[in-house]
Amino acid sequence: MDDETSVMEQPGIKIQTAVRTEPVVEAERQAITIRGANFFYGEKQVLFDIGMDIGENRVTALIGPSGCGKSTLLRCLNRMNDLIEGANLRGEVKVKGRDIYGTGVDVIEVRRRIGMVFQKSNPFPKSIYDNVVYGLRIAGQRDRRKLDEACETSLQRAALWDEVKDRLEESALSLSGGQQQRLCIARAIAVEPEILLMDEPSSALDPLAAVKIEELIYSLKDRYTIVIVTHNLQQAARVSDKTAFFWLGRLVEYGSTPQMFTNPKEKLTEDYITGRFG
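What you see is a predicted model, and the numbers here were worked out from it, not measured in a lab.

A. The arrangement of the packing of helix α5 (residues 144-157) against helix α7 (residues 177-189) in detail. The interhelical angle for the contact between α5 and α7, taken along N-to-C directions, is 130°, at an axis separation of 8 Å. Between α5 and α7, the crossing angle belongs to the class labelled oblique. The two elements α5 and α7 meet at a crossing, and its hand is right-handed. Facing α5, whose interface residues are Ser154, Leu155 and Arg157, α7 presents Leu183, Ala186 and Ile189. A breakdown of the residues in the contact of α5 with α7 according to their chemical character gives four nonpolar, one polar and one charged.

B. Fine view of the nonpolar core. The biggest cluster of nonpolar side chains holds 44 residues, and the ones touching the most others in it are Leu155, Leu168, Leu183, Leu196, Met198, Ile217 and Ile226. Apart from the residues within four sequence positions on either side, leucine 155 is in contact with Val132, Leu160, Trp161, Val164, Leu168, Leu183 and Ala186. Listed in part, the 31 residues of the second largest apolar core include Ile50, Cys76, Leu89 and Val227.

C. Quick look at helix α8 (residues 207-220). Look at α8: 20 Å from first C-alpha to last across 14 residues, which is about the 20 Å you get at 1.5 Å a residue. Within α8, the full set of buried residues consists of Ala209, Ala210, Ile213, Glu214, Leu216, Ile217 and Leu220. Relative to the axis of α8, the buried residues are bounded by an arc of 160° and lie together on one face. Across α8 from its buried face, at more than 90 degrees, point the exposed residues Pro207, Leu208, Glu215 and Tyr218.

D. Here's a closer look at the pairing of strand β10 (residues 225-229). In terms of burial, β10 is a largely internal element, five of the five residues being buried. Side chains Thr225, Val227 and Val229 project from β10 onto one buried face, and the interleaved Ile226 and Ile228 project onto a second face that is buried too. Where strand β5 (residues 59-63) lies against β10, four bridges are found, and the strand directions are parallel. Opposite valine 59, over in β10, you have isoleucine 226 as the bridge partner. By the bridge criterion, five bridges tie strand β9 (residues 195-199) to β10 in an arrangement that is parallel. Pairing of isoleucine 195 across the sheet is with threonine 225, part of β10. Between β9 and its parallel partner β10, the chain crosses via α8, and the hand of that crossover is right-handed.

E. Local environment of the layout of surface pockets. The space that makes up the largest pocket amounts to roughly 780 Å³. Surrounding the largest pocket, 23 residues form its lining, Arg111, Arg112, Tyr134, Gly135 and Val191 being those nearest its centre. Here the residues of the lining of the largest pocket sort into 15 nonpolar, four polar and four charged.

F. View of the sheet that holds β9. Spatially, the six strands line up as an open sheet ordered β8-β9-β10-β5-β11-β12, and their pairing is mixed. With one partner strand each, in any of the chains shown, β8 (114-117) and β12 (250-256) form the two edges of the open sheet. The mean angle between the axes of side-by-side strands here comes to 15°, regardless of whether they run parallel or antiparallel. Packing against the sheet, α7 makes contact with β8 and β9, and its axis sits at approximately 170° to β8.

Definitions and cut-offs
Residues numbered from 1 in each chain as written. Predicted model: local features only at pLDDT ≥ 70, side-chain atom pairs only at ≥ 80, totals over all residues. Heavy atoms only, no water. Axes fitted to C-alpha atoms, helices over the stretch in contact; angles between N-to-C directions. Helix = DSSP H or I, 4+ residues; strand = E, 2+ residues; numbered from the N terminus. Parallel < 35°, antiparallel > 145°, perpendicular 65-115°, else oblique. Left-handed = near helix turned anticlockwise from the far one by under 90°. Contact = heavy atoms within 4.5 Å. Nonpolar A, V, L, I, M, F, W, Y, C, P; charged D, E, K, R; others polar. Core = buried A, V, L, I, M, F, W, Y, C linked by side-chain atoms within 4.5 Å. Buried < 20%, exposed > 50% of the residue type's maximum accessible area, 1.4 Å probe, protein only. Expected span 1.5 Å × (residues − 1). Arc of directions from axis to C-beta. Pairing = 2+ DSSP bridges. Right-handed = clockwise from strand over helix to strand, strands pointing away. 1 Å grid on protein atoms, 1.4 Å probe; cavity = no way out; pocket = protein on both sides within 12 Å on 5 of 7 lines; lining within 4 Å. Points joined across faces, edges and corners; volume = space filled by probe spheres on them.

Laid out in C-alpha cells, this is it:
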C-alpha cells in the first residue's frame, strides 16, 4: 500500500493529509465462463446449474467419482455432446466472451479453437506425419513447407520430435501407448487451438508414460489454457492451478489447488480427497 500526499485548502487554512492508495492488482483473464449450465441426456438431467470461470494459461482439473458429470461438462466446452442424440444444454458457455452455443456459431470453428485429447489414444491408421497435419489438410492447407513446419513444431511442443523425427513416414500405430498419446496431443495443437481439453489423458498408460504426459501438460500451459478430467487426485495436485470437485452433477467446490487439497471448505470435498469415499 502506497502513501500519496494530498493538500486540502480552506479559506486561510492549508491542511496536508496522507491518502492511502491500494496497489492495482490485475484481474485474471478468463478463457471460459460458464453460467447456469444444466445438461440433459433426453429427460435425464446430469448437470445442475454449473457456474465457473476458467483462467487463461492455467491448468484446471475436474475431479470427482465416476458418473458425477465432469466428463460431460468437459465435452460441453467444445460441443462434442452435440453428436449425441437427445443431448441438450441450457445455460451459457462463453469462450473469450463469445457464447459458443449462440445463434450462428460455427461448430467446426469451435472445435478448432478448442482441441480435445481423449482417454484412449486414437491415432489414425496413417503415418506419424499424416496424423499430425491431418487437421491442417482438412482445413485446406496444401503448402508442403508449411505442413512440414507445423509437423515439426507440434511434435516438439508435444515432446515427441526427438523420438520420431527419423521415422515420420512410419505408421503411427507402431508407436508405444505413451508416444501415441503424445502424438494425439501434437495433432490437437497443430491447428493452433486456444484451449486444450483432456479427458483422463494418462489413465491408460504405464507410470513412466503418465509422468511424461504430466510434464507435457505443465509445459503447455504457457501457450494454452488446459482443462483436464482426472480420477488421479495426485495428478490433479501436481499439474493443476485450480481444481473443481463434482458430486452427482453438481459443482461442490472450486478453488486453487493447494487450498482444495490442504484446506477444503466443504466437508464433502474433504471426505473425497481423503479417500473416505469415491
